[in-house]
Amino acid sequence: MHTAHHRTRTPQEMETVKGSRIVLGLEISLILFYVGAARGCRVSVSQPPYLEVDYNQEAATIQCSFTHMGCPSQQPKSLWFRYGVDQPENLCLDRCTNNAGKFTVKEALTENQVTLTVNRVMLNDSAIYICGIIFPNSKEPGAKQTGEGTTLVVRERKELHSLLIAVLSLLSIYITGALVIFIVLSKSKSNSLRNKETEDSRKKKSARRIFQEIAQELYSKRHMETTTSAKRTNVTSV
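On a predicted model such as this, the values are computed, not experimentally measured, just so you know. (Residues numbered from 1 in each chain as written. Predicted model: local features only at pLDDT ≥ 70, side-chain atom pairs only at ≥ 80, totals over all residues. Heavy atoms only, no water.)

### Regarding the state of the cysteines
Linking two cysteines covalently via their sulfur atoms produces the bond known as a disulfide.
Next, step 1: Tallying each qualifying case throughout the model produces two disulfides.
Next, step 2: Paired through a disulfide, C41 and C71 show a sulfur-sulfur distance of 1.8 Å. Residues C41 and C71 are joined through a disulfide that is right-handed, its torsion about the S-S bond being 85°. Taken together, the residues span a long stretch of sequence, with C41 in the loop between α2 (21-33) and β1 (42-46) and C71 in the loop between β3 (59-69) and β4 (77-83) at a distance of 30 residues. Note on accessibility: C41 and C71 belong to one class, buried.
Next, step 3: Each sulfur of the disulfide joining C64 and C131 lies 2.1 Å from the other. Here the S-S torsion is close to -75°, and the disulfide linking C64 with C131 is therefore left-handed. Of the two residues, C64 is situated in strand β3 and C131 in strand β8 (residues 127-134); the sequence distance between them amounts to 67 residues. Of the two residues examined, C64 and C131, each falls in the buried class. (Disulfide = S-S within 2.5 Å. Helix = DSSP H or I, 4+ residues; strand = E, 2+ residues; numbered from the N terminus. Buried < 20%, exposed > 50% of the residue type's maximum accessible area, 1.4 Å probe, protein only.)

What follows is the structure in structure tokens.
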């Protein structure tokens, strides 16, 4: 199985890939033309043209249905191809029946249904996935056909971005509110300290005034006593 290195596709690159779908289908049909073996066998394959999934989604399943006429009774085989920006890949040559792998193929051949599941979807899984059906015992070219391909587009999750924006907005509001409350409390505390200082200053001035009044009263009394005593002394001496 060939593995190619992939990178995230731009919309322009995906348009180019879409334009190459028909050419790729013809190339694969020519390959299948030379693979084969029962006459009059005709196969028709159909699959959805487009599938869009979110990045980090657990899995993406691509449906493939087919019909056949005049083909051997033996069950057909399914083939899957991936056509990205770099080059085509043959997928699941080992049948991909293990769910632990990158790809999982499930076949309900009696119901003419085949599915390919891309596990652990990543951005670089965006590509065109083509389903092929082949009757190995038929030599007719019509016994080997492919669908037109399903364009799988993996996009980043918009919900996650919206949630992140909402959280950042709420955080911004919270920080702004906290800042406003801090400023209000700071001003309130400053005014309280200012008022307290003013009240203390008034109390000090009031106490000083009272002290001065008491001191002056005591001085006046002492002065009066001194004056009275001097007058008495003068009178006695006379």
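### Quick word on the environment of N119
Next, step 1: Summarising the element assignment, N119 is placed in strand β7 (residues 113-119).
Next, step 2: For the pair N119 and N56, spaced 63 residues apart in sequence, the C-alpha to C-alpha distance is 9.8 Å.
Next, step 3: Among residues more than four places away in sequence, those in contact with N119 are E58, A59, N99, G101, K102, F103 and T104.
Next, step 4: A distance of 3.0 Å separates polar atoms of two side chains, one belonging to N119 and the other to T104. (Contact = heavy atoms within 4.5 Å. Polar contact = N/O pair within 3.5 Å; in protein donor to acceptor, adjacent residues only side chain to side chain.)

### Comments concerning the pattern of salt bridges
Next, step 1: Counting across every chain of the model gives five salt bridges.
Next, step 2: Here R155 ties to E52 by a salt bridge, and the two come within 3.0 Å at their closest N and O atoms. Pair noted here: R155 is in strand β10 (residues 150-155) and E52 is in strand β2 (residues 50-54), with a separation of 103 residues, a long-range link.
Next, step 3: Ionic pairing is found between D125 and K102, a salt bridge with its closest N-O pair at 2.8 Å. Pair noted here: D125 is in the loop between β7 and β8 and K102 is in the loop between β5 (88-91) and β6 (103-108), with a separation of 23 residues, a long-range link.
Next, step 4: A relative accessible area of 28% places K102 in the partly exposed class. (Salt bridge = Lys/Arg side-chain N within 4 Å of Asp/Glu carboxyl O.)

### Considering unusual backbone geometry
Next, step 1: A positive phi angle, near 60°, is found at N112, a position not held by glycine.
Next, step 2: If you check the backbone angles, R120 has positive phi at about 50° while not being a glycine.
Next, step 3: In this structure, R120 sits in the loop between β7 and β8.
Next, step 4: With a relative accessible area of 46%, R120 lands in the partly exposed category.

### Let's talk about the pairing of β6
Next, step 1: Where β6 lies against β7, six bridges are found, and the strand directions are antiparallel. Across the sheet, residue E107 finds its bridge partner in β7, namely V114.
Next, step 2: Connecting the antiparallel pair β6 and β7 is a turn made up of four residues, with N112 showing a positive phi of about 60°. (Pairing = 2+ DSSP bridges.)

### Remarks on the sheet that holds β1
Next, step 1: The four strands are arranged β1-β3-β7-β6 in an open sheet whose pairing can be described as antiparallel. Only two strands of the sheet have a single partner each, and these edge strands are β1 and β6. Averaged over neighbouring strand pairs, the angle between their axes works out to 20° when direction is ignored.
Next, step 2: Note that β1 and β3 share five bridges and pair antiparallel. Among the inter-strand pairings, R42 is bridged to a residue of β3, identified as M69. (Axes fitted to C-alpha atoms, helices over the stretch in contact; angles between N-to-C directions.)

### So, the environment of T146
Next, step 1: By the element assignment, T146 lies in strand β9 (residues 144-146).
Next, step 2: In sequence terms T146 and C131 are 15 residues apart; their C-alpha atoms lie 5.6 Å from each other.

### Focus: the nonpolar core
The nonpolar side chains of soluble globular proteins are, as a tendency, buried together.
Next, step 1: Membership of the largest hydrophobic core comes to 29 residues, with the highest contact counts inside it found for W80, F103, V114, L116 and Y129.
Next, step 2: For this core, the elements supplying multiple residues, two or more each, are β1, β3, β6, β7, β8 and β10.
Next, step 3: Once residues within four sequence positions are removed from consideration, Y129 is found in contact with Q47, I62, F81, R82, L91, F103, L116, V118, G149, T150 and L152. (Core = buried A, V, L, I, M, F, W, Y, C linked by side-chain atoms within 4.5 Å.)

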